[in-house]
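# Summary of the model geometry
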Amino acid sequence: MSKKCNRLVDVGRRQFLRGSALAAAGAAASTVTSAPAQAAPANAQIDYPSGKLANIADLAVNAPMDIEYPDADSPGILIKLGEPVEGGVGPDGDIVAYSVLCPHKGWFMSYNSEDRTMNCPGHFSRFDVEAGGQQVWGHATQNLPQFTLRVDDAGDIYAEGCSDLIFGRPTNVLYGEE
Amino acid sequence: MAYKRQIDRLPIPPADAKVHNVTCHYCIVGCGYKAYTWPRNKQGTLTDNAFGIDLGEQQPADGTWLAPSMYNLVQQGGKDVHLAVVPDHDCVVNSGLGSIRGARMAENRPSRVTGTQQQRLTDPLMWRNGVWQPTSWDDALDLVARVTARVITEGSEDELVVSMFDHGGSAGGYENTWGTGKLYFESMKVKNCRIHNRPAYNSEVHSTRDMGVGELNYSYSDYEVTDTIFMIGANSLETQTNLFLNHMVPGLRNGARMIVVDPRRTVTVNAAEEVAGVENVLHLAINEGSDMALFNAILTHIVDNGWTDDDFIANSTFQNGEAVAMDSAHPAALGSLDMAMQACRTSLEEAAEVCGVPTDDIVKAAEWIAKPHDDGSRRKCVTCYEKGIIWGNDNYRTIGALVNVALATGNVGREGGGVCRLGGHQEGYYRPSDAHVGRPAEYVDQFLIRGLGGVHHIWACDHHKTTLNASEFKRVHKKRADLVKDAMDAAAGGTREQIVDAIVSAINAGGLFVVDVDIIHSQIGQNAHVILPAVESNEMNLTSMNGERRLRLSEKYMDGPGTAKPDCLIAAGMAQHMERVLREMGNDAYADQFKGYDWETEEDAFMDGFNKGNPEVTYERLRAMGNNGVQEPVIGFENGQLIGVERLYTDGKFDRHGRDDKRALFCAAGWRGWQAPGKAREKANHKFWINNVRANIFWQNQFLDQDSDFVQDRFPYPFIEMNPDDMAELGVNPGDLIEITNDNGATQGMVYPVTTAKRGHVAMVFGSPAGSQGNVINPGVNELVLPDYKHTWGDIRKLADATPQARAVSFKSKEYTA
């Protein structure tokens, strides 16, 4: 397990112990922008914020980076796998990002860099980050929410959507629609 | 690419949503859920909603969350309503946990709006002009009654073969077992019948009952206060998920140790190690089928070291040698501990040789089970077992040998004790006596294969996916059913009388008339001539009890699809048509036997059956008891509460065998190697042991999950776990399709590499629609017709490279690794 993810788990624990909607300090937090205020009537589809997560130059293979998307209460990881995967972005097609809240009961998961899985300490579920977040084994009734990524010409990586509902919220953009 | 739902928000249940008590209708554990329904055009808000929490905040771990799989749009009273089925935090069984099965209940409901479960049957179907055509209930039941009445009056009731569920939950439950039971065991005395998962009408656990010990005797809370959990042939994290997570894990955290007897390392072993530490978990990976030798050696070690509970043995068990002799109905003698020891005595070395595990580990197991604490106090041990030995070698003696250990150590009827099967479905059995069936019961699959019987009524069973010797069974069943189909086709356009005559002629020529009652058009249903659509739990009110005998009413919250009905009311309709037809035939006396089915609702069936034997128990009272229900037996009603029993046999009196002395019996469980015919020869002749296993993601034979994109995306074909070295030797890669063959037939699946698998062992998931493991299981059964599904050997060859679908799935280890 990477050091970063240990820290993430700790951050998460503090965050949840506090029961606060505010995020603990995180490198990516300041770069996440809120969605613009919704005009009525609402669009048929959720408008996701576009959040800059990192630059390609910041990423090393198999060294996950903590992110927060679509807002500071939704922790995730951004990871460069070194091999192209479906849904991967960047020049090597190998960069993916996922929620790290287990879609079973919302526990913070940790990254196993050996077999590249996210593992839930709550009830032992695990997800394959090389296979679109497919649940390898576990109790969740969906695969891991995967963030939709875009890379611009400067190599900046943005998150702009999500494949599945994130644990603990009725809408993925929790604060954008208030 | 992993299946994505592409759902990024869900409707919010409003504060005034209707709330219904729901017991999960899948596994034995019976987790509590709340079902919320509300009109299509209404919704709650982030701050004002049915959950009473601020949904505008990120919910914490273990908080309330409506996952997309817990939501659907269904019909209620003919109107579209939103449905949310959410785990109940206040239910003591699961405390808010949902499993990968139960938390998909809503999504597994039929919905014409969201398109889910469009495979559900909506109307009766009849074989006409070469296809199944929809028809009315009266028309379908008329044909069923006319053919059935002709065949059993021209021959006898022995010509009617019945396959029927005996369980709770799903389509079972007290209402439906009573409806079918009253029809076949009261109005008729059908003896050629079998149960959904085995080829005869018999107990899965005869020996523990004969010993006086009912198989569900503890409370789940016993796991939380015990010293040792002794699990055999079970993989509870997968198959009784929230029993493991919500009761066994707290027990392990409280300091319990765990022994798991299983030839295969499972996720249960892995998780127990994570919680308790590897030093507190003993995995005895014995040779397949050798459990009895292990239990006997453990018992011998306990007896020889004086770790027995002598007061319990003196006061609560039989003392005078043999009480029940071995005979055709009893595959072992039963009696005192001393008597049993003469057959059971097994040295550590003998057991180590048979089981393939070190003597030290057997000693350790015996110590963890029975060696008193340093202060001399008794060690508490919960013993739990399931299909590994129920569907294993020498069922009667093996389970007897295990119960011997619990009895010798006084671990029954005491807090932190119990010796229980873990169970598959919930229980929900209430039927008239089945004594006329006899013991041993008829081996019904063989009866049909021999060309006997003329009419086959099937209730929510799909033998094609789940029975043993399935290749032959399917071949013969189809051939016989086709004779009748051909006759019906030839009589096309004829009157009802002409059609019935044609069917009966075909039956007399070896044909089989097949009536299939089910919720979907099943594989065995392909052979049916009449198909009758049933509803499930929550499309009707249904009562069942879980593995600690916890009885709940799971409430109806939606309409069934089309004109589908509860099984009990289908049985009542059959009985009413039988009465009418028999009267028309001039057989008034016989017709009178089919009176007494004037039920309008499932509650009427409940009152006619279960309530007559348990007069305190009504729907209204069960509704008031909510998701915590009451633990059977119900012994009273006080202050608005049904009074139950937390744990059986606390008085040390054992009655399951019906003996007046109320003393438990020990089993003379002498080891005799492979008991069922053909097993030893098959093992000798084939390279691989084909273990028959379950996976948490599938409910039983996938009858609903075969229509779930989420599930089928994970395992598009049945997985066959295999050691990578065996894979290399066979030249197969992950996901490749392989074929398993032996003298019984062939089946196929998808290779899944597992480094902890032993060489020469593969583990195939049971009951898959895409590859029935039963195809390669030989017809061998024990003396009481209990199948040994678990012991099959075969050869393996590659069929094809992984399909694109198979290549896309993850083949990583299922074990949690932080």
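Residues numbered from 1 in each chain as written. Chains lettered and ligands numbered in written order. Predicted model: local features only at pLDDT ≥ 70, side-chain atom pairs only at ≥ 80, totals over all residues. Heavy atoms only, no water.

### What to know about the interface of chain A and chain B
Where we set the bar: Residues are treated as being in contact if the distance between any of their heavy atoms lies within 4.5 Å. By buried area we mean the combined loss of accessible area, with a 1.4 Å probe, across both parts when two parts are placed together. The working definition used for a salt bridge is a side-chain nitrogen of Lys or Arg within 4 Å of a carboxyl oxygen of Asp or Glu. What qualifies as a polar contact is a pair of N or O atoms within 3.5 Å, subject to a donor-acceptor requirement within protein and to the restriction that residues adjacent in sequence count only when both atoms come from side chains. Numbered from the N terminus, helices here are DSSP runs of H or I no shorter than four residues, and strands are runs of E no shorter than two. Basically, the charged four are Asp, Glu, Lys and Arg, the nonpolar ten are Ala, Val, Leu, Ile, Met, Phe, Trp, Tyr, Cys and Pro, and anything else, Gly included, counts as polar.
On the chain B side, the residues contacting the 59 residues of chain A number 58 residues. Of the roughly 4800 Å² buried at the junction of chain A and chain B (both faces included), carbon and sulfur atoms supply 53%. Counting the surface chain A buries against chain B, the share from its top three residues, F124(A), W137(A) and T141(A), is 17%. Our enumeration of links across chain A and chain B arrives at 2 salt bridges. Note that E130(A) and K812(B) form a salt bridge whose closest N and O atoms lie 2.6 Å from each other. Across the contact surface, chain A and chain B share 37 residue pairs in polar contact (both at pLDDT 80 or more). When residues of the side of chain A that touches chain B are traced back to their parent elements, those giving at least two are β5 (110–112), β6 (117–119), β7 (126–128) and β8 (134–137) of chain A. Looking at which element gives the most residues to the side of chain A that touches chain B, the answer is β8(A), with 4 residues. Here the side of chain A that touches chain B is built from residues that sort into 22 nonpolar, 25 polar and 12 charged.

### Some remarks on unusual backbone geometry
Among all residues except glycine, the phi angle is most often negative; among peptide bonds, the trans geometry is most common. The amide bond that connects Y69(A) to the next residue, P70(A), takes the cis arrangement and shows omega of 0°. Here the bond from R439(B) into P440(B) is cis, since omega is 0°, no more than 30 degrees from zero. Along the chain, the position of P440(B) falls in the loop between β15 (419–421) and α14 (444–449). Of note, Y649(B) is a non-glycine position whose phi angle comes to about 65°, a positive value. Examined against the element boundaries, Y649(B) turns out to sit in the loop between β23 (641–643) and β24 (666–667). Of note, the phi angle at Q702(B) is positive, near 65°, even though the residue is not glycine.

### Let's talk about the pairing of strand β9 (residues 228–232) of chain B
Residue and element names in this part refer to chain B. Note the threshold: Between buried and exposed lies partly exposed: a residue is buried under 20% and exposed over 50% of the maximum accessible area for its type, with that area taken using a 1.4 Å probe on protein chains only. Strands qualify as paired when DSSP identifies two bridges or more between them.
The element β9 is largely enclosed, with a buried count of 5 among its 5 residues. Here β9 shows a buried face lined by T228, F230 and I232 and a second buried face lined by I229 and M231. The pairing of β9 with strand β14 (residues 381–385) spans 5 bridges and is classified as parallel. Each residue of the ladder has a partner; that of T228, found in β14, is C381. Summarising the sheet, β9 and strand β10 (residues 257–261) pair through 5 bridges and their orientation is parallel. Pairing of T228 across the sheet is with R257, part of β10.

### Quick look at the confidence of the model for chain B
Residues shown with low pLDDT carry predicted positions that ought not to be read at fine detail. The cut-off we apply is this: Scored from 0 to 100, pLDDT reflects the predictor's confidence in each residue.
Chain-level pLDDT for chain B is 97 on average; 100% of the residues reach the 70-or-more range. Model confidence for the complex is summarised by a pTM of 0.95, with the ipTM given as 0.96.

### Let's talk about the layout of surface pockets
Over the atoms, a rolled probe matching the size of one water molecule traces out where space is still vacant. Residues and elements named next belong to chain B. Under the convention used in this document: Cavity means a closed set of points on a 1 Å grid over the protein atoms alone, one where a 1.4 Å probe fits but cannot get out, pocket means an open set with protein on both sides within 12 Å along at least 5 of 7 lines, and lining means a residue has an atom within 4 Å of a point. Grid points are joined across faces, edges and corners, and a volume is the space filled by probe spheres set on the points.
Looking at the second largest pocket, its volume works out to about 810 Å³. Taken together, 35 residues form the lining of the second largest pocket, with I7, R9, L10, P11 and Y71 sitting closest to its centre. Those elements that provide at least two residues to the lining of the second largest pocket are β3 (71–76) and α24 (709–714). Grouping the constituent residues of the lining of the second largest pocket by class yields 14 nonpolar, 13 polar and 8 charged.

### A short note on the confidence of the model for chain A
Averaged over every residue, the pLDDT of chain A is 83; the share at 70 or more is 76%. Of the regions scoring below 50 in pLDDT, residues 1–33 of chain A engages in 58 contacts with residues more than four places distant in sequence or in other chains.

### A word on the sheet that holds strand β1 (residues 51–55) of chain A
Either a parallel or an antiparallel arrangement is found when strands of a sheet pair, and the pairing is made through backbone hydrogen bonds. Residues and elements named next belong to chain A. Stated precisely, the cut-off is as follows: Lines fitted to C-alpha atoms define the axes, with helix axes restricted to the stretch in contact, and inter-axis angles between N-to-C directions lie between 0 and 180 degrees.
Taken together, 3 strands build an open sheet; the order of strands is β1-β10-β9 and the sheet is antiparallel. Looking at which strands have only one partner, the edges of the open sheet turn out to be β1 and β9 (147–151). Neighbour-to-neighbour, the strand axes of this sheet turn through a mean angle of 35°, independent of strand direction. Bridge count between β1 and strand β10 (residues 156–162): 4 bridges; the pairing is antiparallel. Bridging across to β10, G51 finds its partner in A159.

### Let's talk about the packing of helix α1 (residues 137–154) of chain B against helix α17 (residues 496–508) of chain B
The relative placement of two packed helices comes down to the angle between their axes together with the axis-to-axis distance. All names here are of chain B. We count it as follows: Relative orientations are named as follows: roughly parallel for angles under 35 degrees, roughly antiparallel for angles over 145 degrees, roughly perpendicular for angles from 65 to 115 degrees, and oblique for any other angle. Crossing handedness follows the turn of the near helix against the far one: under a right angle anticlockwise gives a left-handed crossing, and clockwise gives a right-handed one.
Orientation of α1 relative to α17, taken along the N-to-C sense of each, is 45°, at an axis distance of 10 Å. Put simply, α1 runs oblique to α17. Considering only the axes of α1 and α17, their crossing is right-handed. Residues D139, D142, L143, R146, V147, R150, V151 and E154 of α1 touch α17, and the partners they reach there are R496, I499, V500, D501, I503, V504 and I507. A class-by-class count of the residues in the contact of α1 with α17 yields 8 nonpolar, no polar and 7 charged.

### Points about the packing of aromatic side chains
Residue and element names in this part refer to chain B. Heads up, the condition is: What counts as a ring pair is set by centres within 6.5 Å for rings of Phe, Tyr and Trp (its six-membered ring), and what kind of pair is set by the plane angle: stacked under 30 degrees, edge-to-face over 60, tilted for all other angles. In our convention, an over-ring charge means Lys NZ or Arg CZ found within 6 Å of a ring centre and within 35 degrees of that ring's normal.
In the structure shown here, the tally under the stated rule is 26 aromatic pairs over all chains. Where F185 meets Y201, the ring centres are 5.1 Å apart and the plane angle is 85°; that geometry is what we call edge-to-face. Here F185 is found in helix α2 (residues 173–187), whereas its partner Y201 is found in the loop between β8 (193–195) and α3 (206–210), with 16 residues between them in sequence. Consider the rings of Y649 and F654, whose centres lie 4.7 Å apart with planes at 35°: the pair is tilted. Here the two residues Y649 and F654 agree in accessibility, since each one is buried. Here a set of aromatic residues connected by ring pairs shows up, and it is made of Y174, W178, Y430, F606, F610 and Y619. Note that R694 overlies the ring of F766, its terminal NZ or CZ placed 3.7 Å from the centroid.

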